[in-house]
Structures are given as C-alpha cells and as structure tokens.
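Notes for the structure review
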Amino acid sequence: MKIIAKKTAASNYKKGYPILSSNLINYDYQHEDQGKIVQLLDDKGHFIANAYIGLENKGLGWVFSTNKSQMLDNAFISKKLNAAITKRTNFFNDTLTNAFRLFNGYGDGIGGITVDYYAGYLLINWYNEGIYKYRDLFIQNLIFLVEPKGIYQKFRFKQENYLADDEHIYGQKTPESFFILENGIKYCVDFEDGNMVGIFLDQRHVRKMLTSNFSQGKTVLNTFSYTGAFSIAALAGSAKSTTSVDLAKRSLPKTTDNLKINNFATDQEEIIVEDVFNYFKYALRKEHVFDIAILDPPSFAKSKKRSFSVLKDYSDIVQMITPLVAKNGYIIASTNNSQLPLEKFKYMVEKGIVDHNRSFEIKQIFRLPPDFSVNSAYPQGNYLKVILLKLD
C-alpha cells in the first residue's frame, strides 16, 4: 500500500517528520487499514519512508523507518526496545529512583506506544489500534529483555472490547499497597484506578527541586494537586506547610496515603477538595499568601459551573493565583499540552502576572527528563513546559 505526501509536506517528511497527518498526505483512511505497513512517497513517486496506519489524536499513523525493506517485525521491535533499555542503564542502577520511562514512543523509534518501569513492573500505554496489533511482539521482547515481575497495559484509544480485567497481562500483580521511590521519596502507585496511576513521571526534575533547599521553611500551595506529589516533595524538602487543592474526591485519600507512607505529620498538610477557582476566591478573601504556588492544570477540565482550556485560559489562572504569592515568592507554572509552544506559554504566564503590575524573573525552565527521549525532527514530542518565576 502506497501513500503520497502532499508536495508542500514531502520535504518535512524527508527531514524526519514522523506523523501521517491528514493535512499532509493524500490518503482516504479506512478502519480496516489499522496496523498496515505503508510506503510513503513524494509527489513524484520517490520513496521516503515506511510507516504504519494507526488512528489517534495525533494523526493517522507513524513513520518508523527510511529503509524500504524494513517491516515492523520482531527483529526491528527487539532492536528498538534493546536500544532504549541500554540508554537507561543508569536508571536501573539508581538506588534512590526506581520508576522511569523505559520506552518513549517515537523518541525511541516507534510512535504510538510508551512503556514505563515501576519498581520491577511495566506499564504499557497503547495509543492506537494499529500498534496494538503488534502487542505480542512487544510483550514477548519486554519479558525477555527486562524480566519484569509483572506487566500492565492501558488503552489510550477507544477499545470497545476492553475489560478492566485486561489491564494485568503478565506475571505477578502489584501488592495491595504499592509504592515507588523517586529521589528517595515514596509515592503510591495504583495500576487499576483508571488511566492515571498516581504520579506523573515526567515531573521528576521539578519534584527534585522541591525536595532541595528550595522548599525549606516555605509555605506551598499546590493546585490541581491530584495525589499531592508536589506537596510530598516539598515536605521532603522541609517545607513549613503545604496546601493541596483538587476538585476530585479521590485526591483526599490518595494524598493522605502518600503522607502516611513517608511518615509526614498530617498537620503540615492541608488537603482541600474543592474547585480550584472557588478556592482562589476564598483564599483571596482570607488574605492567604504562600511562598510557592504551583499551577499544573489538565489541558482541559469541566465542572458543573465552568470549563477550562490551557490553550485559552492559562493567563486567567495565573492572574487569579498571583495575589496569593508572597513578596519574593515563586510561581511554578506547568503544562503538558503539546499544542502550546514554549514561547506562547511563557507569554500567557507573564501576562497573568503583569496584570497585577508585579515584576518577575524567570529563574528556570524545565522540559522533559532524559528518559522521555525526544526526536529533534518532532519537537512537539517535548511536550512538557514548566516555568519557575520569582515575583517581587
């Protein structure tokens, strides 16, 4: 099967752009094509690369080789997995951290799949049905190369035949009380609680900063806190107190669990189950101020009273949290939205602060940690943007 790249897009594909986007190729998608290997050609019929069809939110499939004879076979998958594992040797030898990204999709050579390592267990994320058709080859190679205690999987595409029991697919199940280590701190993990497992591994460097002297003696506000991982890191860094705010009811027991396994006093941590926007208004009325304020909202959220989109509304939440930041305090502004370029994100954050006529200085910018490999031909793959700002 052959697909023609549009004339204006051919040069980008020849430079290594990996996604089969509907606006860049001439191809009438058919569901039965999922998993098929296709040849990508330029408008003159010259070969560019081999790709596979796999519909997901990013596009219609992924390029995987510029070798015309290369198939998505056992030898190729084994080679890519082995290279990724070898590249992460230091992580396997780290006694203070035992959770990391083992295989990062196109950053490691095959788009549509990621594999995370959690204290001897693996979690596979399948992002499209096309790559899922090669699941046996991936699983067999991971068992051989890693020898995991057990393997779990998550479907990031609509899977009509999916059952919750299908999440555990090999070896042992995790213990009932399961935690990982990161920079010597414990965090609870649950593979059977929906698509989110309790911690976002890509924020490791930000949490490491919080465990350093940066948090010592400071009051910390952690909004959209989820399981309170940033708060736990701050407490490990001798923060004076932390306040975690999230609308989800499960944030209370899950943050409490993280406190308990680290033997932190519960009176140091206030856990508030509330709409973050309502909390901003309450805290402003009460004239609460914090030394560090953390903003890490989902790309899109909707409650009964409002909806929020990072692409449209990030300046608004910065504007709302800025009055709650003490003099010489800090804002940690974060997003994982791949559609938002870093420069535009910086502008949105800065605009929210300038609205209050406060001067600021960008102290540090965090991107993805090294285990989240990124290919230079696909800069959108470096989706994480975290900006540390100091306010006057």
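The structure contained in this document is the topic of the report that follows. These numbers come from a predicted model, not from an experiment.

Turning our eyes to something else, we now look at the overall build of the chain. Helix and strand content of the chain: eleven helices and 21 strands. For a compact globule of 392 residues, the expected C-alpha radius of gyration is about 21 Å, and the chain comes in at 22 Å, within 12% of that figure. Summarising its shape, the C-alpha atoms of the chain cover approximately 65 × 50 × 40 Å along the three principal directions. Of all intrachain contacts in the chain linking residues separated by at least 6 positions in sequence, the fraction that spans at least 24 positions is 62%. For the chain, the computed accessible surface area is about 18200 Å², with 48% contributed by carbon and sulfur atoms. Charge separation in the chain, taken as the distance between the mean sites of 48 positive and 41 negative side-chain charges, equals 5 Å.

The next subject is the pairing of strand β13 (residues 219-223). Burial within β13 is extensive, with five of its five residues counted as buried. Residues of β13 alternate between two faces, with Thr 219, Leu 221 and Thr 223 on one and Val 220 and Asn 222 on the opposite face, all of them buried. Pairing analysis gives five bridges linking β13 to strand β14 (residues 241-246), with the strands arranged parallel. Within the sheet, the bridge partner assigned to Asn 222 lies in β14 and is Ser 244. The parallel pair β13 and β14 is bridged by helix α7 (residues 229-236), and the resulting crossover is right-handed. By the bridge criterion, four bridges tie β13 to strand β16 (residues 290-295) in an arrangement that is parallel. Counterpart to Asn 222 in the pairing with β16 is Ile 294.

On to helix α10 (residues 310-321), then. The complete set of buried residues in α10 reads Val 310, Asp 313, Tyr 314, Ser 315, Ile 317, Val 318 and Ile 321. Residues of α10 that are buried in the fold lie against β13, α9 (276-285), β16, β18 (307-309), β19 (325-335) and α11 (342-354).

Sheet architecture is open: five strands sit in the order β6-β7-β8-β9-β10, paired in mixed fashion. Of all strands in the sheet, those with a lone pairing partner are β6 (99-104) and β10 (168-171), marking the two edges. Averaged over all adjacent pairs, the angle separating strand axes in this sheet is 20 degrees, with direction ignored. Sheet topology note: the strand β8 (residues 121-126)/strand β9 (residues 150-155) ladder contains six bridges and is parallel. From the neighbouring strand, Ile 124 faces β9, where its bridge partner is Gln 153.

Scoring rules and cut-offs
Residues numbered from 1 in each chain as written. Predicted model: local features only at pLDDT ≥ 70, side-chain atom pairs only at ≥ 80, totals over all residues. Heavy atoms only, no water. Helix = DSSP H or I, 4+ residues; strand = E, 2+ residues; numbered from the N terminus. Rg over C-alpha atoms; globule rule 2.2 N^0.38 Å. Contact = heavy atoms within 4.5 Å. Areas by Shrake-Rupley, 256 points an atom, 1.4 Å probe, with all protein chains shown as cover. Lys, Arg positive; Asp, Glu negative; His and termini not counted. Charge placed at Lys NZ, Arg CZ, Asp CG, Glu CD. Buried < 20%, exposed > 50% of the residue type's maximum accessible area, 1.4 Å probe, protein only. Pairing = 2+ DSSP bridges. Right-handed = clockwise from strand over helix to strand, strands pointing away. Axes fitted to C-alpha atoms, helices over the stretch in contact; angles between N-to-C directions.

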